[in-house]
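# Remarks on the overall topology
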Amino acid sequence: MAVTTGREYGLFIGGELVEPSSGEVRELVEPATGEPLVRAAMAGEEDVDRAVAAARAALAGPWGKTPANERSRLLHALADAIAANRKELAELESRNVGKAITSVKAELANGVEYFRYYASAIASIAGRSHPVGGSLLFYSLKEPVGVCGQIVPWNYPAMMTTWKLAPALAAGCTVVLKPDPATPLTALRMAELAAEVGFPAGVVNVVAGDGPTTGSYLVRHPGVDKVAFTGSTKTGSEIMRLCSEPIKRLTLELGGKSPNLVFADANLDDAIPSSVWSIYYSAGQSCEARSRVLVERSVYDQFVERFAEAAGRLKVGDPLDPETQVGSLISAAHRDRVHGYVVQGREEGAEIVLGGEPGDGKGAFYLPTVLARVENRMVVAQEEIFGPVVTVIPFEDERDGIRIANDVRYGLFATVWTGDPARGHRLARAIKAGQIGINMPYSAFPGIPFGGYKQSGFGRELGIETLDLYLETKSVLTATGPKPFNPWQL
Ligand code: NAD
């Protein structure tokens, strides 16, 4: 099915697309063309109430008793449905976000694998059991946390939806997912697919809406037991505050300013194209974008020249063209924000070696940009620019490289390029980040925990550990003898 321009998307509550009680329907614009795309309903407080009520009812109903093998079957069925509808989903996402369609296809393929991974990982949800003090037996029950309010950003709407839904559903929770108001389309379509393959009504609900109003209301809602948030560190901090009074379970996947260290002994033929990919993929709008490239001084000039040459060859343009590598940014306003950082970097003393200006056409394009002679204290090296802008910083030796890598408030990801395997492992221990790549740039794999140190958040996604974040552990002690002990003698 092709994307129908002008179509109206509702909210997904209780197993169907519904009109918003808020009455608000917003026209979404295609970032790459500036033209209207579709109209999408925005949820207000009453809609969140309806969605949470549907999720609570589903938890109390048959879903709460659905055994693990049946949940596994449903997750596989949803994976199959996403795979079968990947062409439609890819076009929807590409047009809604402005992202290159080849990237979106890869993200959807990963999304399918996340559902399959958690469909299998369900088998690991098991308690423990052992005797205690002679005549007592202990066993533990793993129970779903309950209704989960999941909030996702605009940069990977489809993939973030899969990251959030798969472990929650595997654990037996129900979900009210709030996408960014600009990018709700693939999440809505996946919720429809979930209903079509047999997830009971109310298990998956999707309510787009503004963060400070609808999102905040969802977080504070007394019917929500756990919040899982992906977005900026600033919003994460506010959500943590909102969760503190009612002591809600919370996981936060936040921002990053990830280092990519290139040592003089690295194979630059590998390091350069991979470093280009790891910043310009998704037009730099990735939490784990390696936006600080740290290069050992002796190869710095050579690296900058070759990196800029490779970045200058990237094909920027129509996201639907399969040859495109860098699509548009999410909006003209965001492009202007990105450009503001570049101007600030130049004023702080950085040299613009490549780009530094918007791309051609009406869309929100920005050219791949290289800022050289950057010092780590500069704003462009400390703040998340979230666009196709790399800062290249020289370092003197291993110690200096580690110091600069860690001298930032974030700790999401780091990549190390070196010909010395022992050095790679030394750095893996020394760098404060949730994930380290040694001579490889990739980040997200099913089963490999993904998440942050420091202000990049807490909790992990994609791993077996993630299931525990959607489960409570209940300890049961039972007497196995007629009179196990005298309480007064303890
Ligand atoms: P954002 O924090 O502005 O918004 C993220 C989501 O939160 C949106 O759905 C938004 O509507 C909602 N929101 C905003 N204010 C809210 C509030 N007060 N209460 C409840 N919800 C609220 O972030 P963004 O600019 O949309 O996304 C980009 C950010 O996300 C970047 O910082 C990026 O690094 C981060 N990100 C992190 C990961 C990760 O896994 N660590 C992945 C992707 C993106």
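Residues numbered from 1 in each chain as written. Predicted model: local features only at pLDDT ≥ 70, side-chain atom pairs only at ≥ 80, totals over all residues. Heavy atoms only, no water.

### Focus on the overall build of the protein
Counting its secondary structure elements, the protein contains 15 helices and 23 strands. In terms of overall dimensions, the protein is globule-like: its C-alpha atoms have a radius of gyration of 24 Å, near the 23 Å expected for 490 residues. With the C-alpha coordinates of the protein rotated into their principal frame, the extents come out at 80 × 60 × 40 Å. Here the protein holds 490 residues, and the buried ones make up 57% of them. Pairs at least 24 apart in sequence give 74% of the contacts found in the protein among residues at least 6 apart. On the protein, roughly 19600 Å² of surface is accessible, and the fraction owed to carbon and sulfur atoms is 53%. (Helix = DSSP H or I, 4+ residues; strand = E, 2+ residues; numbered from the N terminus. Rg over C-alpha atoms; globule rule 2.2 N^0.38 Å. Buried < 20%, exposed > 50% of the residue type's maximum accessible area, 1.4 Å probe, protein only. Contact = heavy atoms within 4.5 Å. Areas by Shrake-Rupley, 256 points an atom, 1.4 Å probe, with all protein chains shown as cover.)

### Some details on the nonpolar core
Within soluble globular proteins, side chains that are nonpolar tend to cluster in buried spots. Ranked by internal contacts, the top residues of the largest apolar core, which has 68 residues, are I82, L169 and F199. When residues of this core are traced back to their parent elements, those giving at least two are strand 5 (36-42), helix 2 (68-84), helix 3 (86-97), helix 4 (101-121), helix 5 (157-171), strand 9 (174-178), helix 6 (185-197) and strand 10 (204-206). Looking at this core element by element, the count peaks at ten residues for helix 5. Residues lining this core come from more than one domain, with at least three contributed by each of domain 1 (8-254 + 456-474) and domain 2 (259-438). Y300, A350, I393 and W417 belong to the second-largest nonpolar core, a separate cluster that totals 54 residues. (Core = buried A, V, L, I, M, F, W, Y, C linked by side-chain atoms within 4.5 Å. Domains from an automatic or database assignment.)

### Notes on the sheet that holds strand 1 (residues 8-9)
Taken in spatial order, the three strands make up an open sheet running 1-5-4, and their pairing is mixed. Strands at the two margins of the open sheet, each flanked by one partner only, are strand 1 and strand 4 (24-29). (Pairing = 2+ DSSP bridges.)

### A few points about a nonpolar patch on the surface
On the surface, a cluster of nonpolar side chains totalling about 360 Å² of accessible area is made up of W277, Y442, F445 and I448. Looking at where F445 falls in the secondary structure, it is placed in the loop between strand 20 (435-438) and strand 21 (453-454). For F445, a relative accessible area of 35% gives the class partly exposed. (Patch = residues over 30% accessible without salt bridge, like charges linked within 9 Å, V, L, I, M, F, W, Y side chains within 5 Å. Salt bridge = Lys/Arg side-chain N within 4 Å of Asp/Glu carboxyl O.)

### Overview of helix 2
In a regular helix each residue adds 1.5 Å, so 17 residues correspond to 24 Å; helix 2 covers 24 Å between its end C-alpha atoms and thus fits that length. Within helix 2 the residues assigned to the buried category are R71, S72, L74, L75, A77, L78, A79, A81 and I82. Against helix 3, helix 4, helix 5 and helix 6 lie the buried residues of helix 2. (Expected span 1.5 Å × (residues − 1).)

### Quick notes on the environment of I402
Within the secondary structure, I402 sits in helix 13 (residues 398-406). Along the backbone, I402 and N110 are 292 residues apart, and their C-alpha atoms lie at a distance of 32 Å. Apart from the residues within four sequence positions on either side, I402 is in contact with L261, L427 and A430.

### Concerning the packing of helix 3 against helix 4
Packing of helix 3 against helix 4 brings their axes to within 9 Å, and their N-to-C directions diverge by 125°. Relative to helix 4, the element helix 3 lies oblique. Crossing of helix 3 over helix 4 shows right-handed handedness. Residues R86, L89, A90, E91, E93 and S94 of helix 3 lie in contact with helix 4, whose contacting residues are I101, V104, K105 and L108. Residue composition of the contact of helix 3 with helix 4, grouped by class: five nonpolar, one polar and four charged. (Axes fitted to C-alpha atoms, helices over the stretch in contact; angles between N-to-C directions. Parallel < 35°, antiparallel > 145°, perpendicular 65-115°, else oblique. Left-handed = near helix turned anticlockwise from the far one by under 90°. Nonpolar A, V, L, I, M, F, W, Y, C, P; charged D, E, K, R; others polar.)

### Focus on the packing of aromatic side chains
What the rule picks out here adds up to ten aromatic pairs. Taken together, the ring pairs connect Y114, W163 and F450 into an aromatic cluster. Above the face of the Y470 ring, K226 is positioned so that its terminal group lies 4.5 Å from the ring centre. Sitting over the face of the ring of F263, R423 holds its NZ or CZ atom 4.1 Å from the ring centroid. (Phe/Tyr/Trp six-rings, centres within 6.5 Å; stacked < 30°, edge-to-face > 60°. Lys NZ or Arg CZ within 6 Å of the ring centre and 35° of its normal.)

### Re the pairing of strand 5
Counting buried positions over the seven residues of strand 5 gives five, a clear majority of the element. By the bridge criterion, two bridges tie strand 1 to strand 5 in an arrangement that is parallel. Looking at the pairing, E8 lines up with R39 of strand 5. Adjacent in sequence and paired antiparallel, strand 4 and strand 5 are bridged by six residues, among which G34 carries a positive phi angle near 75°.

### A closer look at the domain arrangement of the protein
Partitioning the protein into structural domains gives domain 1 (8-254 + 456-474) and domain 2 (259-438). For domain 1 versus domain 2, the separation of C-alpha centres amounts to 31 Å. Facing the 25 residues of domain 1 at the interface are 26 residues of domain 2. Summed over the shared surface of domain 1 and domain 2, the result is one salt bridge. In this structure, the connection of domain 1 to domain 2 is made through eleven residue pairs in polar contact (both at pLDDT 80 or more). Per-element tally for the side of domain 1 that touches domain 2: the top contributor is helix 3, with five residues. Among the residues forming the side of domain 1 that touches domain 2, the class breakdown is eight nonpolar, ten polar and seven charged. (Polar contact = N/O pair within 3.5 Å; in protein donor to acceptor, adjacent residues only side chain to side chain.)

### Things to note about helix 7 (residues 211-220)
Every buried residue of helix 7 is accounted for by T214, G215, S216, Y217, L218 and V219. Where helix 7 is buried, its residues meet helix 1 (45-60), strand 8 (147-151), strand 9, strand 11 (226-230) and helix 8 (233-244).

### Some words on the sheet that holds strand 15 (residues 351-354)
Sheet architecture is open: seven strands sit in the order 15-16-17-14-13-19-20, paired in mixed fashion. Two strands close off the open sheet at either side, each with one partner strand: strand 15 and strand 20. Put simply, the sheet's adjacent strands are angled 25° from each other on average, direction ignored. Note: strand 19 (residues 413-417) against strand 20, four bridges, orientation parallel. Each bridged residue has a counterpart across the sheet, and for A414 the counterpart in strand 20 is I436.

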